[in-house]
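So the chains spell out like this:
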Amino acid sequence: MDNFERISAEIDNVPRRSILRLALVACAAFALFTATRPFAAAPEPRGVVYPTRVMGTYANVLIVTPDSAASAPVAAIAQRALARVDSLMSNWTQTSEVARINREASRTTVTVQPEVARVLEASLRLWKESQGAFDITVEPLVRAWGFIGGPHRVPSEAEIANAFRLVGAQRVQYDAARRTIHFTKDSVRIDLGGIAKGYAVDVAAESLAAHGIQNALVDLTGNMVAMGHPANAGAWRIGVRDPRDRVRFFARLPLEAGEAISTSGQYEQFVESKGKTYGHIIDPRTGKPAEGLLSVTLIGRSALDCDSWDTPLFVLGGRESRRVAAERTDLHAILVSPGDYGVDTVWVEESLRARFTLVPEARDLFQVIYF
Ligand code: AMP
Ligand code: MG
């Protein structure tokens with residue numbers, strides 16, 4: 001006997017008056033149910049966050065869905081995409097492709113896995129376009145300051161000088177047709193940390209789209225791609241972090257569907273010594289942590305584009321970063337430079353004027369200049 005038959009059989013055994021009462025209660029309950037939830041049959045979509053740990057930090061895959069259980073397997077695919085990029089490009093493990101390249105490319109020519117090749121090609125192009133401000137061979141310097149391998153520390157001048165001798169992407173011989181790499185000097189090492197997060201976020205977003213997801217947000221510590229729109233609004237509204245952490249976000253702005261955003265800042269990783277703060281973005285021209293800006297936020301068409309350029313713009317600093325940002329019409333920049341008396345300057349590109357809003361609690365902390 002199936003369930004339905006068993007229930008009707010039980011009702012059959014109940015005295016008639018009880019059946020009537022039961023029917024009335026059921027009718028009342030149904031009326032109440034339909035009055036309060038007219039579309040109860042189709043649950044409303046809402047933003048569901050699927051968090052994961054990757055690249056030594058947290059990533060959130062947010063999917064707008066009426067059914068969080070049904071979306072979970074797709075979120076897991078996007079999370080695996082993030083983890084795959086990490087396992088290929090990490091400088092923190094000995095097992096990544098980048099670690100293998102770093103071990104072998106000085107003594108032999110190494111064939112590179114296709115995704116690593118894509119990021120390498122983008123990195124070497126960026127080195128040229130940024131006049132050397134972005135340089136993946138900064139690895140020995142990043143390591144000397146403990147930003148790879150840890151702990152964060154201020155190295156001696158001799159250590160900096162030794163590491164500095166290895167820096168210069170002209171020492172990376174890369175053959176795009178064969179997908180091979182060779183370092184022309186011993187002990188040269190590469191670090192894709194300035195660009196790999198953006199690539200990872202793009203790949204994760206692509207995997208969501210490939211599985212039919214239209215509205216989602218992928219966020220890997222400030223490297224984001226916005227797909228479609230959130231559950232109850234026309235656009236994703238993104239907060240830009242205060243590089244000095246006085247308020248959580250100093251500004252908000254909407255992202256259009258398909259846009260990406262990234263922020264590079266000293267505050268992400270730094271070491272303090274004798275009243276000075278040294279950040280994890282190294283100026284490859286001096287060997288020292290870049291000074292001049294507190295943060296660079298870029299809005300563009302892909303997370304790879306944004307993460308690519310946020311690092312060299314940080315290196316280039318004030319006036320030069322504004323010149324390069326203005327030149328690149330595909331990227332929209334928000335640059336924060338330190339100011340006196342606790343008031344920093346936010347340089348906002350004209351192209352963002354209509355959608356940039358300083359939050360009320362940040363009004364005494366920043367002056368805004370459009371460029
Ligand atoms: P991002 O947060 O995108 O600015 O990336 C910062 C990371 O890029 C650092 O933690 C380093 O691993 C790496 N890096 C630092 N300085 C440079 C540079 N001048 N060029 C390329 N990568 C860099
Ligand atoms: Mg970057």
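Scroll up a little and you will see the structure.
Rules used in this analysis
Residues numbered from 1 in each chain as written. Chains lettered and ligands numbered in written order. Predicted model: local features only at pLDDT ≥ 70, side-chain atom pairs only at ≥ 80, totals over all residues. Heavy atoms only, no water. Helix = DSSP H or I, 4+ residues; strand = E, 2+ residues; numbered from the N terminus. Buried < 20%, exposed > 50% of the residue type's maximum accessible area, 1.4 Å probe, protein only. Contact = heavy atoms within 4.5 Å. Areas by Shrake-Rupley, 256 points an atom, 1.4 Å probe, with all protein chains shown as cover. Donors = N, O, S within 2.8 Å, 3.2 Å for Na, K, Ca; no water. Phe/Tyr/Trp six-rings, centres within 6.5 Å; stacked < 30°, edge-to-face > 60°. Lys NZ or Arg CZ within 6 Å of the ring centre and 35° of its normal. Pairing = 2+ DSSP bridges. Axes fitted to C-alpha atoms, helices over the stretch in contact; angles between N-to-C directions. Near = heavy atom within 4 Å. Polar contact = N/O pair within 3.5 Å; in protein donor to acceptor, adjacent residues only side chain to side chain. Nonpolar A, V, L, I, M, F, W, Y, C, P; charged D, E, K, R; others polar. Parallel < 35°, antiparallel > 145°, perpendicular 65-115°, else oblique. Left-handed = near helix turned anticlockwise from the far one by under 90°.

**Side note on the overall build of the protein**
- Per the secondary structure count, the protein includes 10 helices and 17 strands.
- Across the 371 residues of the protein, 50% fall into the buried class.
- Long-range contacts, defined as pairs at least 24 residues apart, comprise 58% of the intrachain contacts of the protein with a sequence gap of at least 6.
- A total accessible area of about 18800 Å² is found for the protein, and carbon and sulfur atoms account for 53% of it.

**Topic: the environment of Arg328**
- Mapped onto the elements of the fold, Arg328 is located in the loop between helix H10 (318–327) and strand E14 (332–337).
- With sequence-adjacent residues up to four places away left out, Arg328 is seen in contact with Glu129, Trp309 and Glu349.

**Examining the coordination of the magnesium ion (ligand 2)**
- Around the magnesium ion (ligand 2), the protein contributes the donor atoms Gly194 (O), Asp307 (O), Asp307 (OD), Asp310 (OD) and Thr311 (OG1), at 2.2 to 2.3 Å from the metal centre.
- Within one chain, the residues serving as donors to the magnesium ion (ligand 2) are arranged as G-x112-D-x2-D-T. Within this pair, whereas Gly194 is found in the loop between strand E5 (180–183) and helix H8 (196–210), its partner Asp310 is found in helix H9 (residues 303–316), the two being separated by 116 residues in sequence. For the pair shown, Gly194 and Asp310 are each scored as buried.

**A few points about the packing of aromatic side chains**
- Scanning all chains against the criterion turns up two aromatic pairs.
- A ring pair is formed by Trp145 and Tyr278, whose centres lie 5.1 Å apart and whose planes are at 40°; its orientation type is tilted. With a gap of 133 residues between them, Trp145 in the loop between helix H6 (139–144) and helix H7 (157–164) and Tyr278 in strand E12 (residues 276–279) connect regions that are remote in the sequence. Side by side, Trp145 and Tyr278 carry an identical accessibility label, which is buried.
- Above the ring of Tyr370, the side-chain terminus of Arg353 is found at 4.2 Å from the ring centroid.

**Digging into the sheet that holds E14**
- The mixed open sheet is built from nine strands, whose spatial order is E1-E2-E6-E7-E10-E13-E14-E15-E17. Both edges of this open sheet fall to strand E1 (46–54) and strand E17 (366–370), since each of them pairs with a single strand only. Looking at each pair of strands side by side, their axes are set apart by 15° on average, direction ignored.
- Of the pairings in the sheet, the one linking strand E7 (residues 223–227) to strand E10 (residues 260–265) comprises two bridges and is antiparallel in character. Bridge pairing links Met224 to Ile261 in E10.
- Those strands touched by H8 are strand E2 (57–65), strand E6 (216–220) and E7, and its axis lies near 25° from that of E7.

**Observations concerning the sheet that holds strand E4 (residues 172–175)**
- Within the open sheet, the three strands sit side by side as E3-E5-E4. Their pairing is antiparallel. Edge positions in the open sheet fall to strand E3 (110–111) and E4, since each of these has one partner strand only.
- Direction of pairing for E4 relative to E5: antiparallel, over a ladder of four bridges. Bridging across to E5, Gln173 finds its partner in His182.

**A word on the site of ligand 1**
- Near ligand 1 there are 17 residues, and of these Asp191, Ser264, His280, Ile282 and Asp307 occur at the shortest range.
- The separation between an oxygen atom of ligand 1 and a polar side-chain atom of Asp307 is 2.7 Å.
- Within the side chain of Asp310, a nitrogen or oxygen atom sits 3.3 Å from an oxygen atom of ligand 1.
- Of the residues forming the shell around ligand 1, the biggest block, four residues, is contributed by H9.
- When the residues that make up the shell around ligand 1 are grouped by side-chain class, the tally is seven nonpolar, five polar and five charged.

**Considering the side chain of Ser123**
- Tracing the sequence through the fold places Ser123 in helix H5 (residues 114–129).
- When its relative accessible area of 1% is taken as the criterion, Ser123 is described as buried.
- Apart from the residues within four sequence positions on either side, Ser123 is in contact with Phe134, Ile136, Leu192 and Ile195.

**Notes on the packing of helix H3 (residues 68–89) against H5**
- One way to put it is that H3 packs onto H5 with a least axis distance of 10 Å and a crossing angle of 75°. Comparing the axis directions of H3 and H5 gives the class roughly perpendicular. On the side of H3, the interface is formed by Arg84, Leu88 and Met89, while H5 contributes Glu115, Val116 and Val119.

**Some remarks on the packing of H3 against H8**
- Packing of H3 against H8 leaves a shortest axis separation of 8 Å and a crossing angle of 150°. It follows that H3 is roughly antiparallel to H8 by the angle criterion. Seen from above, H3 lies across H8 with right-handed handedness. Along its contact with H3, which presents Val74, Ile77, Ala78, Ala81, Leu82, Arg84, Val85 and Met89, the element H8 presents Ala196, Tyr199, Ala200, Val201, Val203, Ala204, Ser207 and Leu208.
- Tallied by class, residues from the contact of H3 with H8 come to 14 nonpolar, one polar and one charged.

Remember, this is a structural readout, not a statement about activity or role.
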